[in-house]
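For reference, the chains in residue letters:
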Amino acid sequence: MPDAKLQSVLSALSQQASELNALPSTWPVPDTRCVKLDTNENPFALPPPVMQSALAALERQYLYPQDDNISLREAAAKAYGLGRDQVIAGNGSSELLGLIYKAFLNPGDAVAMVSPGFSFNRKLATLQGAQFLEIPLSKAYSLPTEQLLFGPAKDAKFILLANPNNPTGTFVPVADIERLVAQSNQLIVVDEAYVDFAPDNALRLLDRYSNLLVLRTFSKSYAAAGIRVGFGFGHPEIIGRLRNLQNVFNMNVIGHAVGISILSHRVAYEGNHRHIKSERQRVSVALSQLGFSVTPSHANFLLAQAPSGQDGTWWQASLKRRKILVAVFPEDGLENCIRVSIGTKPQMDAFLAAVGDISGRLRNDSGAKPVAHLH
């Protein structure tokens, strides 16, 4: 693509991105547009240099991507102060989770997850023929270290935990994770998908512990969910074991280029991260004023318990009728809760307006039954 044409395309995309950022995010539904706040995407446009790297990669669409993701792994190693042999790159961190299950589990083996957690892990365990043990967080959302070390999880092949956690958004101190890693002979997998919205991370522990594997993704904090870029960081022996199972050419040329560019331009996302943290606080306060109990979050979403007697699934359906999409997790014992992603200010204004309207109608309907029974 000639330079002039590339610049023309970039200019058009930049204008389009500016227009989109001023509007609610959209998701195709019949005859309308929805504010999509149910899967924790980051709705902002890629920074111009990252977008340019994606467009430039299209010129190489006839070539296979680089084997073994060497350049991307080197860029990640440099960015995070690690060796290349401590890094695996994946088609999102979900690909890497699948590799972990294949590498460390045989049929009948057990795997343990701090619960509630990423539900995809249940499916992976089933596909591998493994037992899936869920160890609940405490009521204060602290790490259940004793149960993980001495309870049913003590015989698990590996233990999974997310920090910040999904769907609660809660964060456990890295010192607590270190105590678990130090006292365990098992592999501890820490999923840090949302860590750029949190105060700390576990990467600094890697040089001291060989049984720690940290996962990252560019889907949440770097606005690249559709491009699929993820990383695993750990001891070279663990990383080598996973890479031996990885499919050839597992990532495409755009993912390679965008991943390398993001690693070089992380500072360009700082305003994005500040905005999400600010909106997170604003929405938390507003929901509390409307009677919701909001769990303190260190991610790009909030878990909010509806007022007494009200059902999360009912709220999800009521918001959907107003073209607002949120997530619910009744299977995790969170039947009274909704999870809402934090996006642009117009998106969150639309969400709060809808919640306020529904709340007002409920207050004004003196004959209303408990929301859990409304249809």
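Residues numbered from 1 in each chain as written. Predicted model: local features only at pLDDT ≥ 70, side-chain atom pairs only at ≥ 80, totals over all residues. Heavy atoms only, no water.

Student: What's the story with the overall build of the protein chain in this structure? I'm lost.
Tutor: Counting its secondary structure elements, the protein chain contains twelve helices and 15 strands. Entry remark: accessible area of the protein chain is about 17,000 Å², with carbon and sulfur atoms responsible for 51%. (Helix = DSSP H or I, 4+ residues; strand = E, 2+ residues; numbered from the N terminus. Areas by Shrake-Rupley, 256 points an atom, 1.4 Å probe, with all protein chains shown as cover.)

Student: Honestly, the packing of aromatic side chains in this entry has me stumped. Any pointers?
Tutor: For any pair of aromatic rings, the description rests on two quantities: the centre-to-centre distance and the angle between the ring planes. Under the counting rule described, the total for this entry stands at twelve aromatic pairs. With a centroid separation of 4.6 Å and an interplanar angle of 10°, the aromatic rings of Tyr-64 and Phe-249 are classed as stacked. In this pair, Tyr-64 is assigned in the loop between helix H2 (48–57) and helix H3 (70–80) and Phe-249 in the loop between helix H8 (236–243) and helix H9 (253–264), connecting sequence segments 185 residues apart. Judged by its relative accessible area of 67%, Tyr-64 falls in the exposed class. Seen in terms of ring centroids, Tyr-80 and Phe-233 are 5.2 Å apart; in terms of plane orientation they differ by 70°. Their pairing is edge-to-face. Of this pair, Tyr-80 sits in helix H3 while Phe-233 sits in strand S10 (residues 230–234), and the two are 153 residues apart along the sequence. Just as Tyr-80 is buried, Phe-233 falls in that class too. (Phe/Tyr/Trp six-rings, centres within 6.5 Å; stacked < 30°, edge-to-face > 60°. Buried < 20%, exposed > 50% of the residue type's maximum accessible area, 1.4 Å probe, protein only.)

Student: Can you help me understand the sheet that holds strand S4 (residues 87–90) in this one?
Tutor: Neighbouring strands of a sheet are bound in pairs by backbone hydrogen bonds; such pairs are parallel or else antiparallel. The seven strands lie next to each other as S4-S10-S9-S8-S7-S5-S6, forming an open sheet whose pairing is mixed. At either margin of the open sheet sits one strand with a lone partner, and together these are S4 and strand S6 (131–136). Taking the axes of each pair of neighbouring strands and ignoring which way they run, one obtains an average angle of 20° across the sheet. Pairing between S4 and S10: four bridges, direction antiparallel. The partner of Ile-88 across the bridge, within S10, is Gly-232. (Pairing = 2+ DSSP bridges. Axes fitted to C-alpha atoms, helices over the stretch in contact; angles between N-to-C directions.)

Student: What am I meant to see in the environment of Leu-96 here?
Tutor: When you line up the elements, Leu-96 lands in helix H4 (residues 93–104). Considered as a pair, Leu-96 and Gly-232 are 136 residues apart in the sequence and their alpha carbons are 7.0 Å apart. Once residues lying within four places of it in the same chain are set aside, the contact partners of Leu-96 are Ile-88, Ala-89, Gly-90, Leu-215, Gly-230, Phe-231, Gly-232 and Gln-246. (Contact = heavy atoms within 4.5 Å.)

Student: Which parts of the structure should I look at to understand the pattern of salt bridges?
Tutor: A side chain of one charge can pair with a side chain of the opposite charge when the charged atoms of the two come close. Scanning the model with the defined rule gives 17 salt bridges in all. Of the charged contacts, one joins Asp-200 and Arg-204 as a salt bridge, the two residues approaching to 2.7 Å between their closest N and O atoms. Classification of Asp-200 as partly exposed rests on a relative accessible area of 24%. Note that Asp-357 and Arg-322 form a salt bridge whose closest N and O atoms lie 3.1 Å from each other. Of this pair, Asp-357 sits in helix H12 (residues 345–364) while Arg-322 sits in the loop between helix H11 (312–321) and strand S13 (324–325), and the two are 35 residues apart along the sequence. (Salt bridge = Lys/Arg side-chain N within 4 Å of Asp/Glu carboxyl O.)

Student: What's the story with the packing of H11 against H12 in this structure? I'm lost.
Tutor: Helix-helix packing: each pair is described by the crossing angle between the helix axes and the interaxial distance. Running from N to C, H11 and H12 cross one another at 115°; their axes reach a closest spacing of 10 Å. Put simply, H11 runs roughly perpendicular to H12. H11 and H12 meet at a crossing whose hand is right-handed. Within the contact between the two elements, H11 uses Trp-314, Trp-315, Ser-318 and Leu-319 and H12 uses Phe-351, Ala-354, Val-355, Ile-358, Ser-359 and Leu-362. Each residue belonging to the contact of H11 with H12 can be placed in one class, and the counts come to eight nonpolar, two polar and no charged. (Parallel < 35°, antiparallel > 145°, perpendicular 65-115°, else oblique. Left-handed = near helix turned anticlockwise from the far one by under 90°. Nonpolar A, V, L, I, M, F, W, Y, C, P; charged D, E, K, R; others polar.)

Student: It is not clear to me how the confidence of the model for the protein chain should be interpreted in this structure. Could you clarify?
Tutor: The predicted coordinates ought not to be read in detail in places where the model reports low pLDDT. Across the protein chain, the average pLDDT comes to 89, with 89% of residues at or above 70. This model gives residues 367–375 a pLDDT under 50, and the stretch forms 14 contacts once residues within four places in sequence are excluded. (pLDDT = per-residue confidence, 0-100.)

Student: How should I be thinking about the sheet that holds strand S12 (residues 301–305) in this particular structure?
Tutor: The strand order S11-S12-S15-S14 describes an open sheet built from four strands, whose pairing is antiparallel. Where the open sheet ends on each side, the last strands, each with one partner, are strand S11 (293–294) and strand S14 (327–329). Of the strand pairs in this sheet, S12 and strand S15 (residues 334–341) are connected by five bridges, and their pairing is antiparallel. Residue pairing across strands places Leu-302 opposite Val-340, the latter belonging to S15.

Student: I would appreciate a short explanation of H4 in the present structure.
Tutor: For an α-helix, the turn length of 3.6 residues means that residues three or four places apart are oriented alike. Its twelve residues place the ends of H4 17 Å apart at the C-alpha level, agreeing with the 16 Å of an ideal helix rising 1.5 Å per residue. Of all the twelve residues making up H4, ten are buried; the element is thus mostly covered by neighbouring parts of the structure. (Expected span 1.5 Å × (residues − 1).)

Student: Explain the pairing of strand S8 (residues 187–191) here, please?
Tutor: The side chains of a regular strand alternate between both faces of the sheet. The buried fraction of S8 amounts to five of the five residues, a majority that puts the element mostly inside the structure. Bridging between strand S7 (residues 158–162) and S8 involves five bridges; their strand directions are parallel. Residue pairing for S8: Leu-161 is matched across the bridge by Val-190. As paired elements, S8 and strand S9 (residues 212–217) share four bridges and run parallel to each other. Residue pairing across strands places Ile-188 opposite Leu-212, the latter belonging to S9.

Student: In this structure, what is going on with the nonpolar core? I would like to understand it.
Tutor: Taken as a class, soluble globular proteins show a tendency for nonpolar side chains to be buried jointly. One finds Phe-218, Phe-231 and Phe-233 to be the most contacted residues of the largest nonpolar core, which totals 52 residues. The biggest single contributor to this core is H3, with five residues. Those residues in contact with Phe-231, other than ones at most four positions away along the chain, are Leu-72, Ala-76, Val-87, Ile-88, Ala-89, Leu-96, Val-214, Leu-215, Arg-216, Phe-218 and Leu-263. Membership of the second largest hydrophobic core comes to 32 residues, among which are Leu-287, Ile-338, Ala-354 and Leu-362. (Core = buried A, V, L, I, M, F, W, Y, C linked by side-chain atoms within 4.5 Å.)

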